[in-house]
2 protein chains.
Amino acid sequence: MVELYFIRHGIAEVATDDIKDEERRLTKQGRQKTEKVAQRLKKLGLHFDFVATSPLVRARQTADILMAAGLSSQIEECTHLAPDGNIYNWVVNWLEPKNFAPETKLALVGHEPCLSRWAEILVWGEAKEHLVLKKAGMIGIKVPETGSPLGRGQMFWLTPPKYLL
Amino acid sequence: MVELYFIRHGIAEVATDDIKDEERRLTKQGRQKTEKVAQRLKKLGLHFDFVATSPLVRARQTADILMAAGLSSQIEECTHLAPDGNIYNWVVNWLEPKNFAPETKLALVGHEPCLSRWAEILVWGEAKEHLVLKKAGMIGIKVPETGSPLGRGQMFWLTPPKYLL
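None of these values were measured; they are calculated from a predicted model.

A look at the pairing of strand β4 (residues 105-110) of chain A
Residue and element names in this part refer to chain A.
Line of reasoning, step 1. With respect to burial, β4 is a largely interior element, 5 of its 6 residues being buried.
Line of reasoning, step 2. Here strand β1 (residues 2-8) runs beside β4; their pairing, made up of 6 bridges, is parallel. Across the sheet, residue Tyr5 finds its bridge partner in β4, namely Ala107.
Line of reasoning, step 3. When strand β2 (residues 50-53) meets β4, the two strands line up parallel, connected through 4 bridges. The residue bridging Val51 from the neighbouring strand is Ala107, located in β4.

In structure tokens:
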């Protein structure tokens, strides 16, 4: 099984006429909370073989905080993780070609409602939007390393940041 | 919404010719780990208005550890939480008549695979056995305080004990 850790970006500034959605940065509070979460993950002994992040600024900054905490040494921007990303394209064009070895641990940094929808599709085959994923929260899912992961995942973790501080 | 916290009993001794399943007690390691989880829940600021537990010894001992940690002041044995318990009977004969106020926090201590099946039925309307609930682990679900909770729950927490130690 490959372990996927969906991580939602931290608290970000609001969009204005001057700030486009894709350029929204983490607020000071968002940065601090995300740093605390990253430190706690490190203390829990987590290490990701790979961090893939949505290219939007608030997600990239969140991923950079994970890297700075020493949670991984490899990072890549992945357009499928942007808010309009499609899980079916991600599986076929990104996940399957990577051909990850069993036990690989991947962090995927992105946005709501995409991440929790993707998690539901991986675990139950369809999205009902009944998972609550807070900013800087995470979902852990194991998927088989071969064959389609859709509807075949096993969820082993879902946590808001308040239980990681 | 009412918050339900499904908590699986800690590590228990194995059944033998001399020890019936319902009499299996927590092992020393099981007790210690469960106590650490309870202390962490307390530190996280959790407090349950009510603890309902399966009457089986290993579950009752787990519930008693939660009480001893000061996580609640009310406990009740609930036969629906035994391994052969049925969620539909539990909803009709136990949950609905209690008529809990919004924001009530309930801990429900029981067994696998019942607890994670119940969680899936509450959240997605059916059980696919795709949740992993470790011993002394927990699942947090919000359900509406009126009307059927089946398929209407929102899962906000799922954690193995190792992330609560």
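Next, the rest of the story.
What about the pattern of salt bridges?
All names here are of chain A.
Line of reasoning, step 1. Under the criterion given, the structure shown has 18 salt bridges over all chains.
Line of reasoning, step 2. The closest approach of N and O atoms between Arg58 and Asp21, which form a salt bridge, is 3.3 Å. Taken as a pair, Arg58 in helix α2 (residues 57-68) and Asp21 in the loop between β1 and α1 (28-43) lie far apart in primary sequence, 37 residues in all.
Line of reasoning, step 3. Judged by its relative accessible area of 5%, Arg58 falls in the buried class.
Line of reasoning, step 4. The class of Asp21 is partly exposed, set by a relative accessible area of 31%.
Line of reasoning, step 5. Several salt bridges share partner residues, and in doing so they unite Glu3, Lys105 and Lys142 into one network.

Re the interface of chain B and chain A
Line of reasoning, step 1. If you look at the interface, chain B gives 25 residues, while chain A gives 24 residues.
Line of reasoning, step 2. Of the roughly 2200 Å² buried at the junction of chain B and chain A (both faces included), carbon and sulfur atoms supply 56%.
Line of reasoning, step 3. Sorting the residues of chain B by area buried against chain A places Trp124(B), His130(B) and Tyr163(B) first, and these three jointly supply 36% of that buried surface.
Line of reasoning, step 4. Across the contact surface, chain B and chain A share 0 salt bridges.
Line of reasoning, step 5. Here chain B is connected to chain A by 15 residue pairs in polar contact (both at pLDDT 80 or more).
Line of reasoning, step 6. Of all the secondary structure elements, the ones that give two or more residues to the side of chain B that touches chain A are α4 (114-124) and β6 (154-159) of chain B.
Line of reasoning, step 7. The dominant element in the side of chain B that touches chain A, judged by the number of residues it contributes, is β6(B), at 6 residues.

Comments concerning empty space enclosed by the protein
Taking a probe equal in size to a water molecule and rolling it over the atoms shows the remaining empty space.
Line of reasoning, step 1. Evaluated as defined, the whole model comprises 3 cavities of 30 Å³ or more.
Line of reasoning, step 2. By volume, the largest cavity is sized at about 40 Å³.
Line of reasoning, step 3. Along its surface, the largest cavity is lined by Trp124(A), Glu126(A), Lys128(A), Trp124(B), Glu126(B) and Lys128(B).
Line of reasoning, step 4. Of the residues in the lining of the largest cavity, the class split is 2 nonpolar, no polar and 4 charged.

Description of the nonpolar core
Line of reasoning, step 1. If you look at the biggest cluster of nonpolar residues, it comprises 60 residues, and the most contacted ones within it are Trp90(A), Trp94(A), Met155(A), Trp90(B), Trp94(B) and Met155(B).
Line of reasoning, step 2. In this structure Trp94(B) touches Phe50(B), Ala52(B), Glu76(B), Cys78(B), His80(B), Asn89(B), Phe100(B), Leu106(B) and Leu108(B), once residues within four positions along its chain are discounted.
Line of reasoning, step 3. Tyr5(A), Ile65(A), Ala107(A) and Leu164(A) belong to the second-largest nonpolar core, a separate cluster that totals 25 residues.

A few points about the relation of the copies chain B and chain A
Line of reasoning, step 1. Its rotation angle being 180°, the transformation that places chain B on chain A also includes 0.0 Å of axial translation and leaves an RMSD of 0.0 Å. The transformation relating the two chain copies, once decomposed into turn and shift, fits a two-fold axis. For chain B, the minimum C-alpha distance to the rotation axis belongs to Leu158(B) and amounts to 2.4 Å.
Line of reasoning, step 2. Of all interface residues in chain B, 96% are interface residues in chain A too; the two copies therefore contact each other through one and the same surface.

Points about the layout of surface pockets
Line of reasoning, step 1. Counted as a void, the largest pocket has a volume near 240 Å³.
Line of reasoning, step 2. Along the walls of the largest pocket sit 14 residues, with Glu3(A), Lys142(A), Phe156(A), Lys162(B) and Tyr163(B) positioned nearest its centre.
Line of reasoning, step 3. Looking at the lining of the largest pocket residue by residue, the class counts come to 7 nonpolar, 2 polar and 5 charged.
Line of reasoning, step 4. In this model, the second largest pocket occupies a volume close to 210 Å³.
Line of reasoning, step 5. Considering the residues around the second largest pocket, the lining is formed by Lys33(A), Val132(A), Lys134(A), Pro160(A), Pro161(A), Lys162(A), Tyr163(A), Glu3(B), Tyr5(B), Lys142(B), Gln154(B) and Phe156(B).
Line of reasoning, step 6. Among the secondary structure elements, those contributing two or more residues to the lining of the second largest pocket are β1 (2-8) and β6 of chain B.
Line of reasoning, step 7. A class-by-class count of the residues in the lining of the second largest pocket yields 6 nonpolar, 1 polar and 5 charged.

Things to note about the confidence of the model for chain A
Regions with low pLDDT should not have their predicted coordinates read in detail.
Line of reasoning, step 1. The predicted model of chain A averages 96 in pLDDT, with 100% of residues at 70 or higher.
Line of reasoning, step 2. With pTM at 0.96, the complex prediction returns an ipTM value of 0.96.

Topic: α2(A)
Residue and element names in this part refer to chain A.
Line of reasoning, step 1. The terminal C-alpha atoms of α2, which comprises 12 residues, lie 16 Å apart, in line with the 16 Å expected from a rise of 1.5 Å per residue.
Line of reasoning, step 2. If you check which residues of α2 are buried, you get Arg58, Ala59, Thr62, Ala63, Ile65, Leu66 and Met67.
Line of reasoning, step 3. Those residues of α2 hidden inside the fold are in contact with β1, α1, β2, β3 (75-77) and β4.
Line of reasoning, step 4. A positive phi of about 85° marks Gly70, the residue just after α2.

Criteria and thresholds
- Residues numbered from 1 in each chain as written.
- Chains lettered and ligands numbered in written order.
- Predicted model: local features only at pLDDT ≥ 70, side-chain atom pairs only at ≥ 80, totals over all residues.
- Heavy atoms only, no water.
- Buried < 20%, exposed > 50% of the residue type's maximum accessible area, 1.4 Å probe, protein only.
- Helix = DSSP H or I, 4+ residues; strand = E, 2+ residues; numbered from the N terminus.
- Pairing = 2+ DSSP bridges.
- Salt bridge = Lys/Arg side-chain N within 4 Å of Asp/Glu carboxyl O.
- Contact = heavy atoms within 4.5 Å.
- Buried area = accessible area lost by both parts, 1.4 Å probe.
- Polar contact = N/O pair within 3.5 Å; in protein donor to acceptor, adjacent residues only side chain to side chain.
- 1 Å grid on protein atoms, 1.4 Å probe; cavity = no way out; pocket = protein on both sides within 12 Å on 5 of 7 lines; lining within 4 Å.
- Points joined across faces, edges and corners; volume = space filled by probe spheres on them.
- Nonpolar A, V, L, I, M, F, W, Y, C, P; charged D, E, K, R; others polar.
- Core = buried A, V, L, I, M, F, W, Y, C linked by side-chain atoms within 4.5 Å.
- Least-squares fit on C-alpha atoms with pLDDT ≥ 70 in both.
- pLDDT = per-residue confidence, 0-100.
- Expected span 1.5 Å × (residues − 1).

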